[in-house]
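Overview (structure and organization)
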Amino acid sequence: MESQVIEKIFSGWQGILELDYQKIGNTTQLVKAYSQAPLKIQRSFYPEGQGICHSIILHTAGGVVGGDRLCQTIHLQPETKVLLTTPAASKIYRSQGEIAYNYINIELQKNTYLEFIPRESIIFNGAKISQNLRVNLAESACYLGWEITRFGRTARGETFTKGEWKSCTEIWQNQRPIWIDRQGFTASEELLNSPHGLGGKPVIATLVWVGQSVSEDAVQQIRQLWEQRETSSQAGVTQLISGLLCRYRGNSTQEVIDWFTEVWRFLRQNYIGQLGAKPRVWQL
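For every chain, the first residue of the written sequence is number 1, and numbering continues from 1 along that sequence. Since the coordinates come from a predicted model, pLDDT governs what is reported: local features require at least 70, and pairs of side-chain atoms require 80 or more to be given and counted, while whole-chain, interface and lining totals use all residues. Values shown for side chains rest on all heavy atoms present in the structure; no hydrogens or waters enter the calculation.

**Some words on the pairing of strand E17 (residues 243-250)**
- Working definition: with a 1.4 Å probe on protein chains only, accessible area under 20% of the residue-type maximum means buried, over 50% means exposed, and in between means partly exposed. Helix and strand definitions follow DSSP, with helices as H or I runs of at least four residues and strands as E runs of at least two, each counted in order from the N terminus. Most of E17 sits out of view: seven of its eight residues are buried.
- Two strands are said to pair when DSSP picks up at least two bridges between them. For strand E15 (residues 203-210) and E17, the ladder comprises eight bridges, and the chain directions are antiparallel. Looking at the pairing, Val-210 lines up with Gly-243 of E17.
- As paired strands, strand E16 (residues 234-240) and E17 are joined by seven bridges and run antiparallel to one another. Bridging from a neighbouring strand, Val-237 pairs with Cys-246 of E17.

**Side note on the pattern of salt bridges**
- Any Lys or Arg side-chain nitrogen located within 4 Å of an Asp or Glu carboxyl oxygen qualifies as a salt bridge. This structure, assessed with the given rule, holds 10 salt bridges.
- Arg-119 serves as the salt-bridge partner of Glu-120, at 3.6 Å between the closest nitrogen and oxygen.
- Take Glu-120: its relative accessible area is 10%, and that puts it in the buried class.
- Judged by relative accessible area, Arg-119 falls into the buried class, the value being 18%.
- One salt-bridge network, held together by shared partners, links Glu-48, Glu-115 and Arg-268.

Pasting the structure below:
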């Protein structure tokens with residue numbers, strides 16, 4: 001009986017990824033990389049010079065199913081700069097009843113800079129997923145992250161009418177929360193079409209920049225990056241106490257990736273002094 005309970009508890013993948021970055025000379029280097037399937041990290045790339053380390057996180061199982069438990073721990077030692085992304089969309093498969101969990105804990109020490117910009121997640125009809133991201137910022141650290149979610153494989157005519165989706169992002173500094181965002185719902189036709197829900201749009205996305213204040217002029221410029229587009233999708237830009245927030249609700253994953261990339265490069269140029277290079281894995 002006991003063995004059956006244990007098998008039930010650990011019926012899915014128990015993926016682990018632990019990354020530790022250190023500045024050695026003038027180079028940000030990945031000095032520790034522990035992984036347990038299905039999570040894996042590729043070797044580091046330096047398309048922008050030695051100061052910024054690009055790392056690619058892989059999910060080798062192809063997709064996430066109910067019962068999976070994925071845990072990532074990312075630590076940036078002082079003076080390091082890192083860009084983390086994924087090579088392709090993450091697929092969250094239909095569940096037989098269990099919830100899949102994805103936990104990400106990020107620790108940024110003084111004068112560090114992290115860009116956590118994964119490709120989109122596709123939530124299959126019937127999927128159950130809970131995603132939890134926590135970032136602890138040192139006083140002088142800076143973080144840019146985004147989350148892009150497509151509900152249903154809309155190219156195949158699928159809609160997300162069954163299942164559950166939860167997402168919680170917490171950013172803390174000096175033991176105090178500076179931005180907390182909790183979203184979630186149980187799928188239904190009403191929620192999909194309600195103007196207070198998805199409004200008939202299958203894609204939602206959030207970009208957050210925290211660690212440096214953003215001027216009102218910069219907020220207006222970022223809004224203009226969106227307003228110049230001809231689209232029926234909706235977006236908003238909000239100035240935070242020490243950063244910026246962008247929201248999207250629309251039809252196109254590529255549309256929001258293009259906009260977020262423009263925002264990311266704008267922030268990079270204006271606040272870091274270096275125009276970001278797109279991860280080369282996106283171009284494959």
